[in-house]
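Given next are the chains, with one letter for each unit.
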Amino acid sequence: ISVVLADDHQLVRDGIRLVLEGEHDIEVVAEAADGDAAARYSLGHKPTILVLDLSMPGTPSLEVIADVAQTSPATSVIVLTMQNEPPFARQAFQAGAKGFVVKQSAASELVDAIRAVVAGGTYINPELGARLASTPDAPVGPPDDLTPRELEVLGLIALGYMNPEIADKLVLSVRTVET
């Protein structure tokens, strides 16, 4: 099982690598510190699994998931994140992720997720899965009281862009984006 690790924190990548390489059948073939590198390494290495943090600099992780699903269909994405709320899991699965593990989990849970996904299944953290099943879908459509510009900013936030990136993209000050 070949794996590309994508997390913007070197210490986290080092820890995950130690856990995964302790398994006889898992090999980490590359590490990425941003979304752009994660997509590039997934295309170049064609790993079995991409372990991807949901909050990365560069290309937003949800876009990376969709891109990998399209350009490297043999690669399955497992999200590993601090975000443990149902809407984040829904978005990740809708983008094409096959697994969702929260960083508060035991290290063995990531290994279990990898094995489940490689076997053709999907995986979600059990506690989060229970909350996801009991949480109704969010209402469809934006709130009525937002301006078109606010909706544009909100859309970029939903895609994972950070305030400075949104400011650059929309030619606004960071302060305006924050407001």
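Look up: the structure comes first, before these words.
This report concerns the structure included in the present document.

Quick notes on the rules
Residues numbered from 1 in each chain as written. Predicted model: local features only at pLDDT ≥ 70, side-chain atom pairs only at ≥ 80, totals over all residues. Heavy atoms only, no water. Helix = DSSP H or I, 4+ residues; strand = E, 2+ residues; numbered from the N terminus. Axes fitted to C-alpha atoms, helices over the stretch in contact; angles between N-to-C directions. Parallel < 35°, antiparallel > 145°, perpendicular 65-115°, else oblique. Contact = heavy atoms within 4.5 Å. Nonpolar A, V, L, I, M, F, W, Y, C, P; charged D, E, K, R; others polar. Salt bridge = Lys/Arg side-chain N within 4 Å of Asp/Glu carboxyl O. Buried < 20%, exposed > 50% of the residue type's maximum accessible area, 1.4 Å probe, protein only. Left-handed = near helix turned anticlockwise from the far one by under 90°. 1 Å grid on protein atoms, 1.4 Å probe; cavity = no way out; pocket = protein on both sides within 12 Å on 5 of 7 lines; lining within 4 Å. Points joined across faces, edges and corners; volume = space filled by probe spheres on them.

Digging into unusual backbone geometry
Here K46, not a glycine, exhibits a phi torsion of approximately 50°, which is positive. Along the chain, K46 turns up in the loop between α2 (35–45) and β3 (49–52). One non-glycine residue, V171, adopts positive backbone phi at about 55°. Along the chain, V171 falls in the loop between α8 (163–170) and α9 (174–178).

Quick word on the packing of helix α4 (residues 86–95) against helix α6 (residues 126–134)
Packing of α4 against α6 leaves a shortest axis separation of 9 Å and a crossing angle of 90°. Classed by the angle they form, the pair α4 and α6 counts as roughly perpendicular. Along the contact surface, α4 presents P86, A89 and R90, while α6 presents L128, R131 and L132. Residue composition of the contact of α4 with α6, by class: four nonpolar, no polar and two charged.

Quick notes on the pattern of salt bridges
For the coordinates displayed, the defined rule picks out 10 salt bridges. Between R175 and E178 there is a salt bridge, with its nearest N and O atoms 3.9 Å apart. With R175 and E178 both in helix α9 and three residues apart, the pair spans about one turn of that helix. Overall, E178 belongs to the partly exposed group, its relative accessible area being 46%.

With respect to the environment of G58
Note that G58 resides in the loop between β3 and α3 (61–71). Owing to a relative accessible area of 22%, G58 belongs among the partly exposed residues under this scheme. Placed 67 residues apart in sequence, G58 and N125 show a C-alpha to C-alpha distance of 26 Å. If we ignore the near neighbours within four places in the chain, the residues touching G58 are D36 and E165.

Structural notes on the packing of helix α7 (residues 148–158) against α8
Relative orientation of the contacting elements α7 and α8 amounts to 130°, with a least axis distance of 10 Å. On the basis of their axis angle, the class for α7 and α8 is oblique. Our pair here, α7 against α8, has a crossing hand that is right-handed. In this structure, α7 uses R149, E152, V153, L156 and I157 to contact α8, whose residues at the interface are I166, K169 and L170. Of the residues in the contact of α7 with α8, the class split is five nonpolar, no polar and three charged.

Some thoughts on the layout of surface pockets
When its volume is computed, the largest pocket comes out at roughly 350 Å³. Residue lining of the largest pocket: 17 residues in total, with L54, S55, F88, I157 and G160 positioned closest to the centre. Elements with a minimum of two residues in the lining of the largest pocket: α3, α4 and α7. For the lining of the largest pocket, the element with the highest residue contribution is α7, accounting for three residues. Grouping the constituent residues of the lining of the largest pocket by class yields 11 nonpolar, five polar and one charged.

Looking at the side chain of S72
By secondary structure assignment, the location of S72 is in the loop between α3 and β4 (76–81). Apart from the residues lying within four places of it in its own chain, the contact partners of S72 are S42, K46 and D67.

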